[in-house]
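# Survey of secondary and tertiary structure
So you can see what is in the structure, the chains are spelled out below.
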Amino acid sequence: MNKLRPPRVSFAQMRTWEAVARLGSITAAARELHLAQPTVSSQVHEMQAALGQALLAPAGRGICITESGALLREAVLDVFKRWQALEEELLALQGLKRGTLRIAGVTTTEYFIAQWISAFARAHPGIDIELAVHNRDAVVELLRSERVDLALMMRPPSFPPLHTLPVLDNPLVLIGPAGHPWAQRRRLPLSALKGQTLLWRESGSGTRQVVLEHLRANGLEPDERLTLGSNEAIKHAVAAGLGLAVLSRHALDPDPAQEGLALLPMSGFPICRAWQLVWRRDRRLPLAASAWIEHLRASLPTAFQAGSGLTAMPHN
Ligand code: PGA
């Protein structure tokens with residue numbers, strides 16, 4: 001790019017010219033700018049000399065703006081607009097020096113959300129980060145009561161009205177203890193689940209709701225007798241042979257055998273869902289939250305390609 005030549009008129013002169021050209025009068029401009037009339041006149045003369053063009057021409061008993069003068073006014077307005085944008089950007093930067101990023105994620109997001117936040121946290125050391133991890137119904141409540149600005153979940157509620165941004169596939173897989181005979185079988189029909197003991201997340205869990213709906217839609221009425229309050233508790237119980245369960249693939253080790261678990265091939269699985277990042281349409285997002293959304297939009301695809309393994313995981 002060619003080296004830019006700095007303007008030969010000053011900001012003060014530009015400001016004066018904007019007023020003169022808009023008001024069509026040196027006297028009126030001097031009054032508006034609280035300057036003496038000779039000061040305004042000499043600034044106009046200096047600009048004419050610097051640009052080598054007449055900016056004003058006599059018209060009757062007054063003056064008029066020449067074509068060059070009108071062009072100068074347009075250029076001055078462009079400079080002012082650019083300057084205003086710069087001031088807004090600087091203010092935004094200032095805002096990002098302090099603030100709080102308040103996010104709630106459903107339980108399974110705890111396996112990866114720290115990765116999504118860490119680069120942002122390093123880049124903005126003045127921003128406090130509050131991450132709440134709960135089941136789906138509790139996350140919805142945090143969003144409704146405005147205790148968080150952003151939430152990550154599979155099943156956003158219809159109220160309050162929300163913006164939604166799909167961020168990651170969430171396949172729900174059927175698991176059993178390592179060495180379970182079904183692990184070696186071809187895909188079993190869903191009806192094989194009849195009479196099997198299933199372990200369930202607590203009520204309020206989105207995973208529980210989705211799995212129940214899926215099984216009922218396929219004509220199964222599962223036994224909900226055994227409830228455990230976390231993904232980890234369910235994994236340990238399944239590994240110990242207490243029953244089978246359906247969990248997010250993201251809650252499991254890439255090699256489930258490491259955790260004493262096996263993926264069981266069954267028709268109807270995985271149940272394919274996705275997590276959405278959501279935020280309220282009826283509230284203004286704090287700067288820290290909108291900055292994180294932009295950061296996430298920009299970094300997610302590369303983060304996955306770079307081998308976090310999240311999208312590349314086998315579903316079954
Ligand atoms: P949860 O998660 O089962 O922890 O409520 C639901 C979801 O993934 O949205």
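Residues numbered from 1 in each chain as written. Predicted model: local features only at pLDDT ≥ 70, side-chain atom pairs only at ≥ 80, totals over all residues. Heavy atoms only, no water.

## Section: the overall build of the chain
Scanning the chain from terminus to terminus reveals nine helices and 11 strands. For 316 residues, the compact-globule formula gives about 20 Å, and the C-alpha radius of gyration of the chain, at 32 Å, lies well above that figure. Expressed as lengths along the three principal axes of its C-alpha atoms, the size of the chain is roughly 100 × 40 × 35 Å. Split into buried and exposed, the 316 residues of the chain put 42% on the buried side. Sequence-distant contacts in the chain: of pairs separated by 6 or more residues, those separated by 24 or more amount to 74%. Here the chain displays about 17000 Å² of accessible surface, and carbon together with sulfur accounts for 54% of that area. Here the chain holds 34 positive side-chain charges and 28 negative ones, and the gap between their average locations is 3 Å. (Helix = DSSP H or I, 4+ residues; strand = E, 2+ residues; numbered from the N terminus. Rg over C-alpha atoms; globule rule 2.2 N^0.38 Å. Buried < 20%, exposed > 50% of the residue type's maximum accessible area, 1.4 Å probe, protein only. Contact = heavy atoms within 4.5 Å. Areas by Shrake-Rupley, 256 points an atom, 1.4 Å probe, with all protein chains shown as cover. Lys, Arg positive; Asp, Glu negative; His and termini not counted. Charge placed at Lys NZ, Arg CZ, Asp CG, Glu CD.)

## Things to note about the pairing of strand β9 (residues 244-248)
With five of five residues buried, β9 lies mostly within the body of the structure. Both strand β6 (residues 162-177) and β9 contribute to a ladder of four bridges, which runs antiparallel. Residue pairing for β9: V173 is matched across the bridge by L247. Bridging between strand β7 (residues 198-201) and β9 involves two bridges; their strand directions are parallel. Following the sheet pairing, L199 is matched in β9 by A245. (Pairing = 2+ DSSP bridges.)

## Some details on the site of the ligand
All residues in the neighbourhood of the ligand are listed as V106, T107, N135, R136, M153, M154, N170, R201, S205, G206, T207 and W275. Here an oxygen atom of the ligand sits 2.4 Å away from a polar atom, N or O, in the side chain of T107. Taking G206, its main chain carries an N or O atom lying 2.7 Å from an oxygen atom of the ligand. Coverage of the ligand by the protein chains reaches 100% of its 280 Å² of free accessible surface. Here the residues of the shell around the ligand are counted per class, giving four nonpolar, six polar and two charged. (Near = heavy atom within 4 Å. Polar contact = N/O pair within 3.5 Å; in protein donor to acceptor, adjacent residues only side chain to side chain. Nonpolar A, V, L, I, M, F, W, Y, C, P; charged D, E, K, R; others polar.)

## Quick notes on a nonpolar patch on the surface
On the surface, a cluster of nonpolar side chains totalling about 280 Å² of accessible area is made up of F11, V79 and W83. For F11, a relative accessible area of 45% puts it in the partly exposed group. (Patch = residues over 30% accessible without salt bridge, like charges linked within 9 Å, V, L, I, M, F, W, Y side chains within 5 Å. Salt bridge = Lys/Arg side-chain N within 4 Å of Asp/Glu carboxyl O.)

## A closer look at the environment of P166
With respect to the element layout, P166 can be found in strand β6. Note: C-alpha distance between P166 and R284 (118 residues apart in sequence) is 20 Å.

## Quick look at the pattern of salt bridges
Taken as a whole and assessed by the stated rule, the structure comprises 17 salt bridges. The shortest N-O distance in the salt bridge between R136 and D137 comes to 3.0 Å. Here R136 falls in the buried class, since its relative accessible area comes to 15%. Between R201 and E202 there is a salt bridge, with the nearest N and O atoms lying 2.9 Å from each other. With respect to class, R201 is no different from E202; both count as buried. Among the ionic contacts, a cluster of salt bridges with common partners joins E18, R22, E32 and R73.

## Here's the deal with the domain arrangement of the chain
One can read the domain layout of the chain as domain 1 (11-82), domain 2 (89-168 + 274-305) and domain 3 (170-273). Computed from C-alpha atoms alone, the centre-to-centre distance between domain 1 and domain 3 is 77 Å. (Domains from an automatic or database assignment.)

## Here we look at the packing of helix α1 (residues 11-23) against helix α2 (residues 26-33)
Their axes nearest at 8 Å, the elements α1 and α2 cross at an angle of 130°. On the basis of their axis angle, the class for α1 and α2 is oblique. Seen along the crossing, α1 lies across α2 with a hand that is right-handed. Facing α1, whose interface residues are R15, T16, A19, V20, R22 and L23, α2 presents I26, A28, A29, E32 and L33. Tallied by class, residues from the contact of α1 with α2 come to seven nonpolar, one polar and three charged. (Axes fitted to C-alpha atoms, helices over the stretch in contact; angles between N-to-C directions. Parallel < 35°, antiparallel > 145°, perpendicular 65-115°, else oblique. Left-handed = near helix turned anticlockwise from the far one by under 90°.)

## A short note on unusual backbone geometry
Peptide bonds are, in most cases, trans, and in most cases residues other than glycine have a negative phi. The step from F159 to P160 runs through a cis peptide bond, and the omega angle for that step is -5°. Topologically, P160 is positioned in the loop between β5 (150-153) and β6. Of note, the bond from F269 into P270 is cis; its omega dihedral lies within 30 degrees of zero at 0°. With respect to the element layout, P270 can be found in the loop between β10 (261-263) and β11 (271-280).

## Considerations on the nonpolar core
Judged by nonpolar contacts, the single largest core of 56 residues is most densely connected at L193, L277 and W292. The two domains that each donate at least three residues to this core are domain 2 (89-168 + 274-305) and domain 3 (170-273). Setting aside anything within four residues of it in sequence, one finds L277 in contact with L150, A151, L152, H163, T164, L165, V167, W292, I293 and L296. Listed in part, the 17 residues of the second largest apolar core include V9, W17, V40 and L55. (Core = buried A, V, L, I, M, F, W, Y, C linked by side-chain atoms within 4.5 Å.)

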